[in-house]
Each structure stands twice: as C-alpha cells, then as structure tokens.
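# Structural overview
Chain by chain, the residues:
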Amino acid sequence: SFDSQRTKTIFVDKDMAEICAIKSSLPFVNIRLCAFHTTTAVKKALQQKKLSSSQISCLIDLFIEQRSCMDMSKYNALKDKISEISPPDVLSYFVCNWWNCPQLWAASFLESPTFHITTTNHAETFHQKIKRVLSTKTPLSISITELLSVTKYTMQSRDASASIQAMSLKYNTRHNSDTINTIQNDLTPFAAKLVSEQFILSQHTHYVAQCSLNLPETYILSSSTSGSSQYNCTINSCSCD
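All figures in this text were calculated on a predicted structure; none of them were measured in a lab. (Residues numbered from 1 in each chain as written. Predicted model: local features only at pLDDT ≥ 70, side-chain atom pairs only at ≥ 80, totals over all residues. Heavy atoms only, no water.)

## Quick look at the overall build of the protein chain
If you tally the helices and strands in the protein chain, you get nine helices and five strands. Secondary structure of the protein chain in N-to-C order comes out as β-α-β-α-α-α-α-α-α-α-α-β-β-β. Burial status across the protein chain gives 26% buried among its 241 residues. Looking at the protein chain alone, contacts between residues at least 24 apart form 41% of all its contacts between residues at least 6 apart. Counting only carbon and sulfur atoms, one obtains 56% of the accessible surface of the protein chain, whose full area is about 16900 Å². (Helix = DSSP H or I, 4+ residues; strand = E, 2+ residues; numbered from the N terminus. Buried < 20%, exposed > 50% of the residue type's maximum accessible area, 1.4 Å probe, protein only. Contact = heavy atoms within 4.5 Å. Areas by Shrake-Rupley, 256 points an atom, 1.4 Å probe, with all protein chains shown as cover.)

## Section: the pattern of salt bridges
For the structure on display, the rule yields one salt bridge. With a closest N to O distance of 3.4 Å, Glu-65 and Lys-74 form a salt bridge. (Salt bridge = Lys/Arg side-chain N within 4 Å of Asp/Glu carboxyl O.)

## A closer look at the nonpolar core
For soluble globular proteins, nonpolar side chains are generally found buried alongside one another. Among the nonpolar cores identified, the biggest contains 30 residues, and Leu-46, Phe-94, Trp-98 and Trp-105 are the most heavily contacted of them. For this core, the elements supplying multiple residues, two or more each, are strand E1 (9–12), helix H1 (16–25), strand E2 (30–33), helix H2 (35–47), helix H3 (53–68), helix H4 (72–85) and helix H5 (88–97). Tallying contributions element by element places H3 first for this core, with five residues. With residues near it in sequence (within four places) discarded, Trp-105 still touches Arg-32, Leu-33, Phe-63, Gln-66, Arg-67, Tyr-75, Trp-98 and Trp-99. (Core = buried A, V, L, I, M, F, W, Y, C linked by side-chain atoms within 4.5 Å.)

## A short note on H2
Given a rise of 1.5 Å per residue, 13 residues ought to cover 18 Å, and the 18 Å separating the end C-alpha atoms of H2 matches this to within 8%. Among the residues of H2, Ala-35, Thr-38, Thr-39, Val-42, Ala-45 and Leu-46 are the ones counted as buried. Here the buried residues of H2 occupy an arc of 130 degrees about the axis, which is enough to place them on one side. Residues of H2 that are exposed and point more than 90 degrees away from the buried face comprise Phe-36 and Lys-44. Those residues of H2 that are buried are in contact with E2, H3 and H5. (Expected span 1.5 Å × (residues − 1). Arc of directions from axis to C-beta.)

## Focus on the packing of H3 against H4
One way to put it is that H3 packs onto H4 with a least axis distance of 9 Å and a crossing angle of 165 degrees. By the angle between their axes, H3 is roughly antiparallel relative to H4. When you trace H3 past H4, the crossing you get is left-handed. Across the interface between the two elements, Cys-58, Leu-59, Leu-62, Phe-63, Glu-65 and Gln-66 of H3 pack against Lys-74, Tyr-75, Leu-78, Lys-79, Lys-81, Ile-82 and Ile-85 of H4. Of the residues in the contact of H3 with H4, the class split is eight nonpolar, one polar and four charged. (Axes fitted to C-alpha atoms, helices over the stretch in contact; angles between N-to-C directions. Parallel < 35°, antiparallel > 145°, perpendicular 65-115°, else oblique. Left-handed = near helix turned anticlockwise from the far one by under 90°. Nonpolar A, V, L, I, M, F, W, Y, C, P; charged D, E, K, R; others polar.)

## As for the side chain of Arg-32
Inspection of the secondary structure puts Arg-32 in strand E2. At 3.0 Å, the side chain of Arg-32 forms a polar contact with the backbone oxygen of Gln-103. A polar contact is formed between the side chain of Arg-32 and the backbone oxygen of Ala-106, at a distance of 3.0 Å. Those residues in contact with Arg-32, other than ones at most four positions away along the chain, are Thr-9, Ile-10, Phe-11, Val-12, Pro-102, Gln-103, Leu-104, Trp-105, Ala-106, Ala-107, Phe-109 and Leu-110. (Polar contact = N/O pair within 3.5 Å; in protein donor to acceptor, adjacent residues only side chain to side chain.)

## Remarks on the pairing of E1
Burial of the side chains of E1 extends over both faces: Thr-9 and Phe-11 are buried on one face and Ile-10 and Val-12 on the other. With four bridges connecting them, E1 and E2 associate as parallel partners. What sits directly across from Ile-10, in E2, is Ile-31. Traced from E1 through H1 to E2, the parallel crossover comes out right-handed. (Pairing = 2+ DSSP bridges. Right-handed = clockwise from strand over helix to strand, strands pointing away.)

## Details of the confidence of the model for the protein chain
The share of residues in the protein chain with pLDDT of 70 or more is 74%, and the mean pLDDT across the chain is 77. Residue range residues 225–241 is modelled with pLDDT below 50. Its contacts to residues more than four positions away, or to other chains, number 29 contacts. (pLDDT = per-residue confidence, 0-100.)

## Let's talk about unusual backbone geometry
Of note in this structure, Lys-14 is not a glycine but carries a positive phi near 65 degrees. Look at Lys-14 and you get partly exposed, because its relative accessible area is 27%.

## Here we look at the environment of Cys-69
Position of Cys-69 among the secondary structure elements: in the loop between H3 and H4. Residues Cys-69 and Ser-108 lie 39 residues apart in sequence; the distance between their C-alpha atoms is 6.1 Å. Ignoring any residue separated from it by four or fewer positions in sequence, one finds Cys-69 in contact with Lys-74, Tyr-75, Leu-78, Ala-107 and Ser-108.

Written out as structure tokens, the structure is:
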C-alpha cells in the first residue's frame, strides 16, 4: 500500500491550484517547481518584454545559474546582478513571480535531497503511456486491464534498469578492492556508488595532528586531499587512558 509519509518532495509546474491541493493533502512534503517549466516560463515572459535577444539570453543564463547554485551568497550575488541589468518592468517580474518564493525553485533553498531530479519528466512520461492506452470510448474493463499492463511494464523496466546499473557497477569498476566489492554486493546500486566514492576519497585524504604553539594541550587536526588543505579543527587533549 502507498505510504504518503514517505513522500518528501513533489515536483509541479507552478499550477497554483495543484500546489494548494498538495499543501492541503500532504502538508509535510516539500514542493518544488520543475526546472524545465521554470526556465520555459521565464523565457516566455522575457520575450514579451522590450528586450533584445542578447538581453533575454543573458537574463535567462543568470536565472538558471541562480536556480542551480547551492550557495546562498552566490544566489544573492546573482540576484543583485539581475537587478542591475533589468529594466523596471523586468525587475518587477522577477520580484513578484520568483524572488518571492525561492523555496519552490532555487537549489540554495532546498530542504531535502532530490538526488539530481529537477523536473516532472518522470511523471509525465508515465502519464503519456497512460494516455496512449486510454480512450473515452474504451470500456472500463479494458481500460483497467490496459492500465495494469502499463504499470506492470513500467515496474519491469525499472527493475531491469536497476539490474543493468548493478551489473555495470560491479563489472566495469576500476577498483579491485575487497572492500569495494563488499560494498557493491551488499548495497543497492545507488547506495553502493555513494559509499564507494566516499571510501575512495578517504583513501586519498591524509590527516595530520600538530600541537598548537599558542594553546597548550591543544592539537590542530588538518586533512588534505592531493596536497591542498581542506579542513581544520581544534582538539583539546584529555587525561583519559
């Protein structure tokens, strides 16, 4: 059975009625706007303004970069840049339609991971398959049979894709480590890829503890990857044995 509590994020195309319905039925989920529909909407709106093609292209590129960036300071910097080059009516468009709801579309406001999914393509592909087998003139019994067939085919395709991915990860890996092999055999393909990447990274990371010259009984732990310092922290020593 479907457990709605497991739903973390839902992608929509800025249909406000749909968003209100989701908030009412599933108030605990994060609602995100489809990246494709977002870009299309911005492009269509800018084309209706008195802007040159180069201006439209520049603004769209900046908006896409603002949508994708994960750093809040960069988001604000891009916001300032768009504000600087936008005529008053264009600036008003961004303020009233996008900057008032960044939690719906900007990656820097993302509250839960979406695993690189940014569009509604997955759902729309499934809907297109349903539309191809349904007709207003088709008897209900046949419609149900066709729907079950589409659902079964989709699940089989998903399972086959997962199996192919698992085989590819297992047999095309560049690493012959026993640890990597154990990870790949015991975890799902997606989890195995994440854990393997972190394991490989840890093998190339070196940690050095140095006694602080300014603070007695204090050590500075530094980690570096390929010779470049990336992380520092201070550790106070204790007398525990």
